[in-house]
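Each chain, letter by letter, is given below.
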Amino acid sequence: MKRAAIYLRVSTSEQLNGTSIDGQKAACLGLAASEGAQVVGCYSEDASGALYTARPALMEALASIERGEADVLIAFKIDRLGRSARIIRDVVDRIVAADATVLTTDYKLDKSAMGTLMLNMLGSFAEMEKDGILERTKGGSLRRAQSGVQPQRSRVAFGYHVVTNPDKQRGLYPESAPGTYVLDPQKAQVMGEAFRMYDGGASLRSVAKWLQGTCSPSRGSAWYASTLRALLSNPIFKGQASYGRHKKITKEKGNTTISRMVLTGNAVIIPCPAIVDAALWDRVQIRLSEARQTFSGNPARKHLLSGLLRCPLCARSMKGTRRTIKETTYHYYSCPHSRPSRSISGTVCNPKLLDAHVAESLILHGIGDIVSRPEVLREALDAYRRMEMVVFDPASIASAEAALRALDARETATVTAQVQGIQAGANPAVYGSAFAKIAEERTTLTKRLNELKTQQKSFASERLDDATLMTAALRDATTALSSPYLTDGERHDLLARVVEKVIPEEVEGETGYRVFLRSDAETVHITQPMRQPVAL
């Protein structure tokens, strides 16, 4: 007696059209009975026919045949095996290789030339039907989008809601038609503030922290800088929603699928209420672009000239490195291709290592020189105004203030412990070192907080004339560069406001640096006697 494995499959769209697992199963059991086959397994799933190895039930059915547990695979129709000629051909080939056969209501395995032709024709028809369904679905959605109605209503940007048919049935949004955008007043206000904070100089990380304490995101439980970047880049917030801006690409990897969204470049624009004006949105896009190039990276590991110091040969950003060898720490900058191991081709661009202390000291000296030369500053002014922002995030100041409050609480707890210890007969001198350490930490934190507040800019302040404004900015940079209470990352961000790049070069045998302000003008060549490059 033949042994049969039954395979059943539906997808969401087919369920809506009336195709069901129960109906398929009844038809397959009838086929098995007509062939006198005993059903040894029934495998069903809800999955797309465009997938192959990522369909667990199909893989189990084929495995049972390959193990010799069944002689025939029964399905309702040949398109249940797949919605492409390639997948159907692969499935049938596996079954034939296991000396088994395939049986459906519209096909019976025939190994002749005519049977192979029929299988290929049925696979092509299944593929054509799938493509036709997609064309009709996408065509209808595209026409609705072109008429100003959003067909995609399940994923909506934070701050918005797309009216659905169930909304209308419940009496919600009586003045809005299904598929139109309405604002969520509370979330829209929060999103508008997030735009203004980032435009005012706050970092993505600090705005995300503020959002985390203000409200929950639409999806997930936490705000991340990457999530916020995607939101700030969405033109919906300036009143331009879209349909077809992204498309989903799904690939199979083993028994799983990997999906990602890619830009299509041919989106349909749908008008919607704006949360921010176009000018603010455009400024945020400029800052997002510049920040990714200049201000990205882990602040705790950032070097003062990260992204600014360029290799004189290949113009790539030179990499800052700290290495400790035999208790001696070397701090230097090098080209990304300074050694063969760092280049895919094995070639070396610039093997010279630049002493970080010398380079940074020379830049500080040069910035001080530029301050006294207003004629160099005027051409850089427009670029500086575009970069004008609060360099130090509000989170940095808030963090320093929180650390001081925690220190006060620690001091109070230490005093309480001292009193209790004295009452118990302990020597009060043992608490002296603890109070001394607290006092030292308070002095450092207070100086750091004052330094941060000094560097913080206010856009409401009175505008100065061009040369005075740039001179003040460079003087601020000079002060910050020499401050021991700011991190390298904070000093780097302040320097990057006014300096576009720094290129090492030699003139008449003397090594120095040429500093380019954020304009087309370049500064004088900065040179001082240098130590020999670091040797490791």
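Residues numbered from 1 in each chain as written. Predicted model: local features only at pLDDT ≥ 70, side-chain atom pairs only at ≥ 80, totals over all residues. Heavy atoms only, no water.

Now for the overall build of the protein chain. Counting its regular elements, the protein chain contains 17 helices and 17 strands. Counting all 536 residues of the protein chain, 42% fall into the buried class. As displayed, the protein chain has an accessible area near 28,600 Å², and 52% of this comes from carbon and sulfur atoms. (Helix = DSSP H or I, 4+ residues; strand = E, 2+ residues; numbered from the N terminus. Buried < 20%, exposed > 50% of the residue type's maximum accessible area, 1.4 Å probe, protein only. Areas by Shrake-Rupley, 256 points an atom, 1.4 Å probe, with all protein chains shown as cover.)

Below, the discussion takes up helix α3 (residues 56-66). Taken residue by residue, α3 has Ala57, Leu58, Met59, Ala61, Leu62, Ser64 and Ile65 as its buried positions. Positioned one or two residues after α3, glycine 68 has a phi angle of 85°, which is positive.

Glancing now at the packing of aromatic side chains. Enumeration according to the criterion identifies 4 aromatic pairs in this entry. Aromatic pair tyrosine 160 and phenylalanine 237: ring centres 5.9 Å apart, planes at 50°, arrangement tilted. Here phenylalanine 237 lies in the loop between α9 (225-232) and β8 (240-243) and tyrosine 160 lies in strand β6 (residues 160-162), a separation of 77 residues in the sequence. When sorted by exposure, tyrosine 160 lands in the same class as phenylalanine 237, which is buried. Grouped by ring-pair contacts, the aromatic residues Tyr160, Tyr181, Phe195 and Phe237 constitute a single cluster. Stacked on the ring of tyrosine 198, the Lys or Arg arginine 287 has its end atom at 4.2 Å from the ring centre. (Phe/Tyr/Trp six-rings, centres within 6.5 Å; stacked < 30°, edge-to-face > 60°. Lys NZ or Arg CZ within 6 Å of the ring centre and 35° of its normal.)

With respect to the element layout, threonine 116 can be found in helix α5 (residues 113-146). Accessibility expressed as a relative area gives 31% for threonine 116, which makes it partly exposed. Ignoring sequence-local partners within four residues, the contact set of threonine 116 consists of Arg89, Asp110 and Lys111. (Contact = heavy atoms within 4.5 Å.)

Moving on, we come to unusual backbone geometry. Of all residues except glycine, most have a negative phi; of all peptide bonds, most are trans. Notably, aspartate 99 is not glycine yet its phi reads approximately 60°, a positive angle. Relative to the assigned elements, aspartate 99 resides in the loop between α4 (85-97) and β4 (101-104).

Right, let's talk about the environment of isoleucine 275 for a bit. Note that isoleucine 275 resides in the loop between β11 (268-271) and α10 (278-294). Taking the C-alpha atoms as reference points, isoleucine 275 and glutamine 189, separated by 86 residues in sequence, lie 7.8 Å from one another. Those residues in contact with isoleucine 275, other than ones at most four positions away along the chain, are Gly159, Tyr160, Leu183, Ala188, Met191, Gly192 and Phe237.

With that settled, consider the confidence of the model for the protein chain. Averaged over all residues, the pLDDT of the protein chain is 75; the fraction at 70 or higher stands at 72%. Put simply, strand β17 (residues 522-527) is where the protein chain has its lowest mean pLDDT, 45, and strand β3 (residues 72-75) is where it has its highest, 92. Low pLDDT, under 50, characterises residues 386-392; the stretch is placed with 27 contacts to residues that sit more than four places away or in other chains. Every residue in residues 520-536 scores below 50 in pLDDT, and together they form 54 contacts with partners more than four places removed in sequence or on other chains. (pLDDT = per-residue confidence, 0-100.)

On to α4, then. Between its terminal C-alpha atoms α4 stretches 18 Å, which fits the 18 Å expected from 13 residues at 1.5 Å a residue. Residues of α4 that are buried include every one of Ile87, Ile88, Val91, Val92 and Ile95, and no others. Around the axis of α4, the buried residues are gathered within 125° of arc, so they sit on the same side. In α4, those exposed residues whose orientation departs by more than 90 degrees from the buried face are Arg86 and Ala97. Elements that come into contact with the buried residues of α4 comprise α3, β3, β4 and α5. Looking one or two places after α4, you find aspartate 99, whose phi comes out positive at around 60°. (Expected span 1.5 Å × (residues − 1). Arc of directions from axis to C-beta.)

Before going further, it helps to examine the pattern of salt bridges. Pairs can form between side chains of opposite charge once their charged atoms are near each other. Within the structure shown, the criterion is met by 14 salt bridges. The closest approach of N and O atoms between arginine 67 and glutamate 69, which form a salt bridge, is 2.8 Å. Under the relative-accessibility criterion, arginine 67 is labelled exposed at 54%. For arginine 442, the salt bridge identified is with glutamate 411, shortest N-O distance 3.1 Å. With a gap of 31 residues between them, arginine 442 in helix α15 (residues 432-455) and glutamate 411 in helix α14 (residues 394-423) connect regions that are remote in the sequence. Look at arginine 442 and you get partly exposed, because its relative accessible area is 23%. (Salt bridge = Lys/Arg side-chain N within 4 Å of Asp/Glu carboxyl O.)

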